[in-house]
Amino acid sequence: MTGPARTWLVTGSSAGLGRALVTELLARGETVAATARDPRTLADLRPPSAQALWTARLDVTDPEQIRQVVDDAARALGRIDVVISNAGYALVGAAEEASGEQVDRQLRTNLTGPIHLAQAVLPHLRAQGGGRIIQISSMAGQRGSPGTAVYCATKWGVEGFFESLAAEVKSFGIGVTIVEPGTVSTGFFGRSKELTAESPAYAGTPAAILRRRAQDGRLPCRGDLARMAAAVVDVATGPTVPLRLALGSDAYAAIRRGLTARLADLEEQREIAFSTDLNAGDGSTPSTPHRGPEGNDDAHHRPGARQSR
Ligand SMILES: NC(=O)c1ccc[n+]([C@@H]2O[C@H](COP(=O)([O-])OP(=O)(O)OC[C@H]3O[C@@H](n4cnc5c(N)ncnc54)[C@H](OP(=O)(O)O)[C@@H]3O)[C@@H](O)[C@H]2O)c1
């Protein structure tokens, strides 16, 4: 990348994708606030100069700590141009098997943590006239799958939150991108994964099969970690702000399959959907397209209306 160095804040920098992102950023001459639950894991990072790297302890399940670290980083570095909300892990096993504590921790880490981080960083980005937020989601944020229901719930949650946020903050010059990686070899299915307590009722079901494969480390990965990190940095520093960024051919294929199936399902339900309108069946046709709370023009989806492409 050419151009002026930016300042970045990254969560979950101890390992995996977060670590690869910090390494890539330092190699490109950027200034990084790298955060981790245990900052000792950051001691062997090699910044080109002492000023290029600022580190802090951050557990994203602690909203007070998030606010403090973000304020401290902004003060220490002068500004924060790009925030990469990366910290996360997967709870693997059947949904019914997950304890209340496991569900709660999964949500606090992967969903409410990123929401609190966005809330903490937005005043800084607005005050400085703009910036970028990169939220690491997953291909699991676009399609549910057995054995990762709670994880999928968190990633679908961030998809909804950050898609909405993107529209709220665009006018402040703040761009939001949701990154959807496919499988990549990190600690994700290794030391970081958490398993539910196995229940015999689920023996042989898809959730149990995934759980067993995760336990045995038999989940092949398609993605290249360094290439994924470089792609995220390229997009975060590029001239356009895509709302979503799929990484890996497995992510592309899974998301495409999921979206195609959802569209087919929606079209199958079209008659029922329109049959529940106030004026259903009276033969009247609204003179103006309905604009829902989402601001979407749905006139071309009316039964019998010509489909526009
Ligand atoms: N690997 C994949 O196949 C894959 C696919 C799609 C999406 N993703 C997403 O990519 C992101 C990074 O995961 P990864 O693959 O790099 O896995 P990883 O190697 O296990 O790294 C996860 C990172 O998140 C940190 N973390 C976990 N809980 C935290 C908390 N409460 N507060 C702060 N940091 C916390 C970990 O820190 P500690 O060292 O303290 O545990 C670690 O730095 C996650 O959001 C994950 O959902 C991964």
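Definitions and cut-offs
- Residues numbered from 1 in each chain as written.
- Predicted model: local features only at pLDDT ≥ 70, side-chain atom pairs only at ≥ 80, totals over all residues.
- UniProt positions renumbered as here; feature names shortened; annotations may be inferred.
- Near = placed C-beta within 6 Å.
- Helix = DSSP H or I, 4+ residues; strand = E, 2+ residues; numbered from the N terminus.
- Nonpolar A, V, L, I, M, F, W, Y, C, P; charged D, E, K, R; others polar.
- Pairing = 2+ DSSP bridges.
- Axes fitted to C-alpha atoms, helices over the stretch in contact; angles between N-to-C directions.
- Contact = placed C-beta atoms within 7 Å.
- Core = buried A, V, L, I, M, F, W, Y, C linked by C-beta atoms within 7 Å.
- Buried ≥ 20, exposed ≤ 12 C-beta atoms within 10 Å, placed from the backbone.
- Right-handed = clockwise from strand over helix to strand, strands pointing away.

Under an unreviewed UniProt entry, the name given to the protein is SDR family oxidoreductase, and the organism recorded is Micromonospora antibiotica. For the record of the protein, the UniProt heading Sequence similarities (unreviewed entry) holds the text "Belongs to the short-chain dehydrogenases/reductases (SDR) family."

Q: Before we go on, may I ask you to explain the site of the ligand in this structure?
A: Residues in close proximity to the ligand total 29 residues, the closest being G12, G16, G88, G187 and S192. Per-element tally for the shell around the ligand: the top contributor is helix α1 (residues 16–27), with 3 residues. Grouping the amino acids of the shell around the ligand by side-chain chemistry returns 11 nonpolar, 15 polar and 3 charged.

Q: How do you make sense of the sheet that holds strand β2 (residues 31–36) when you look at a structure like this?
A: Sheets are built from strands paired through backbone hydrogen bonds, the pairs being either parallel or antiparallel. Sheet architecture is open: 7 strands sit in the order β3-β2-β1-β4-β6-β7-β9, paired in parallel fashion. Because the sheet does not close on itself, it has two edges, and the strands there are β3 (53–57) and β9 (244–247). Each adjacent strand pair in this sheet contributes to an overall mean axis angle of 15 degrees, direction not counted. On top of the sheet, helix α2 (residues 63–77) reaches β1 (7–10), β2 and β3; it is set at about 160 degrees to β3, its chief contact. Lying on the sheet, helix α6 (residues 225–236) is in contact with β4 (82–85), β6 (131–136), β7 (174–181) and β9; it crosses β7 at an angle near 160 degrees.

Q: Where do I start with the nonpolar core in this structure?
A: One broad rule of soluble globular proteins: the nonpolar side chains tend to lie buried together. L21, V32, V83 and V121 are the most contacted members of the largest nonpolar core, which has 67 residues in total. Sorting elements by how many residues they give to this core places helix α4 (residues 149–169) first, with 7 residues. Contact partners of V32, with chain neighbours within four places excluded, come to W8, V10, V22, L25, L26, A52 and L53.

Q: Hey, could you run me through the pairing of β7 in this one?
A: The two faces of the sheet receive side chains in turn, since in a regular strand these alternate between them. Where burial is concerned, most of β7 is hidden: 8 out of the 8 residues are buried. Side-chain alternation along β7 places I174, V176, I178 and E180 on one buried face and G175, T177, V179 and P181 on a second face that is also buried. Pairing of β6 with β7, which is carried by 6 bridges, proceeds in the parallel orientation. By the bridge assignment, G131 is partnered in β7 with I174. Taken together, β6, α4 and β7 form a β-α-β motif whose crossover is right-handed. Relative to β9, β7 runs parallel, the two sharing 4 bridges. Its bridge partner lying in β9, I178 is registered against R244.

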